[in-house]
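Understanding the architecture of this molecule
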Amino acid sequence: MYKKLSFLCAGLLVASTLVSCASSSNPPGTDVNAEGRLQKVLNQKKVRCGISGELPGFSFVDEQSNYSGLDVDICRAIAAALFDDPNAVEYRPLNAKERFTAVQTGEVDVLSRNTTWTLDRDSSVRMAFAPVVFYDGQGMMVKADSGIKTLKDFQNRAVCTQTGTTNAKNLADQMRKLKVNYKPVVYEDINAAYAAYAEGRCDGVTSDRSQLVSRRTALPQPESHVILDEVMSKEPLAPAVADGDSQWADVIRWVVNATIEAEELGIKQGNLDSFANSEDPVIKRFLGKEDELGKSLGLSPDFAARVVKHVGNYGEIYDRNLGPKTKLNLPRGQNQLWSQGGLMYSPPFR
């Protein structure tokens, strides 16, 4: 009897081990019983997108409740790919401190909020980042008549910044290297930080250079403020989703890639129809007329064509929000295509 029990226990142990091994084949961080984020988004018939809402050129809501900006257009591109409707978006304005929690708890489906991709955010904060949509660097804005020319001039002077960002840490690193004893003035609300700077409670305000350019346009006398030449850091800004759902992360990743690839192929909103009968295999794959690559993502084969049709390619998105015909007039620089000396590069649609 004891032998029978021993064999029975051994059998149960083997079965348990096999079940455990089978379960361990699932990607780390995934719940096999949980519904994927893509299906949840499709069921709710809209994308809940976390944005800033207070940064002209990136995400801004006007008095008529109209949203605009590069980050907003990324949200619209996702909705276009999923629903063939760029307006199937619910925007959730988030401050820097609460943005990651909103993603982790599922309050938003995707974060498109001028967020820097860092190792810590990728690992311990458990974010999964899409391709970079804007390459930036941290800068410093001061009043033109302040006499401040470089960071070394901040000895015993105050600098305003926002909590929950990489800016405070980058500033501390730079000042430590320069052996400058400065006074950090940290605010949770970005509006409070810029208000304090405008009122003279700090001698400079630091953030991503694009944000400084954007915020300068909202100051009473924009021409009275200058941005120092020094760049303190690398700030690759990218959309992000919660870690552990590779399908949803892939959807966001390839929607962003679609905007970049479209520009490289010369496909725009205005000429999309002219490519309908193209015999170029690269273009046919991109538009979903051959191989139907979108199906492997859980999307319509023509998801990339939908993005271009409703939102445009990356160059169009950039020019619409940040280009020479806007108040910001930000040179593309590093945000040019790789073929034009920039860093924008999409993996092949193959």
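In this report, we go over the structure that sits alongside the text. This is a predicted model, so every value here is computed, not measured. (Residues numbered from 1 in each chain as written. Predicted model: local features only at pLDDT ≥ 70, side-chain atom pairs only at ≥ 80, totals over all residues. Heavy atoms only, no water.)

Quick notes on the packing of aromatic side chains
Going by this rule: Working definition: rings of Phe, Tyr and Trp (its six-membered ring) pair if their centres are within 6.5 Å, and the pair is stacked with planes under 30 degrees apart, edge-to-face with planes over 60 apart, and tilted otherwise. For the purposes of this entry, the term helix denotes a DSSP run of H or I that reaches at least four residues, the term strand denotes a run of E that reaches at least two, and both are numbered from the N terminus. Burial classification: accessible surface area is computed with a 1.4 Å probe over protein chains only, and a residue below 20% of its type maximum counts as buried, one above 50% as exposed, and the rest as partly exposed. Put simply, a charge is over a ring when the Lys NZ or the Arg CZ is close to the ring centre, within 6 Å, and near the line of the ring normal, within 35 degrees.
With the rule as written, the count across this model stands at nine aromatic pairs. Taken together, a centroid distance of 5.6 Å and an interplanar angle of 15° make the contact between Trp117 and Phe129 stacked. One end of the pair, Trp117, is in the loop between strand S6 (110-111) and helix H5 (119-123); the other, Phe129, is in strand S7 (residues 127-129), and 12 residues separate them in sequence. Relative accessible area serves as the criterion here: at 35%, Trp117 is assigned to the partly exposed category. Judged by centre distance (6.2 Å) and plane angle (10°), the rings of Phe134 and Tyr318 are stacked. With Phe134 in strand S8 (residues 134-136) and Tyr318 in helix H12 (residues 314-322), the pair connects residues that are 184 residues apart, well separated along the chain. There is no split in this pair, since Phe134 and Tyr318 are both buried. Cation over ring: Arg332 sits above Tyr318, and NZ or CZ is 5.5 Å from the ring centre.

Side note on the environment of Leu343
To keep it simple, the criterion reads: In this description, contact between two residues means that some pair of their heavy atoms is separated by no more than 4.5 Å.
Here Leu343 shows up in the segment after H12. Linking Leu343 and Ser300, residues 43 residues apart in sequence, is a C-alpha distance of 29 Å. In this structure Leu343 touches Tyr135, Gln334 and Gln336, once residues within four positions along its chain are discounted.

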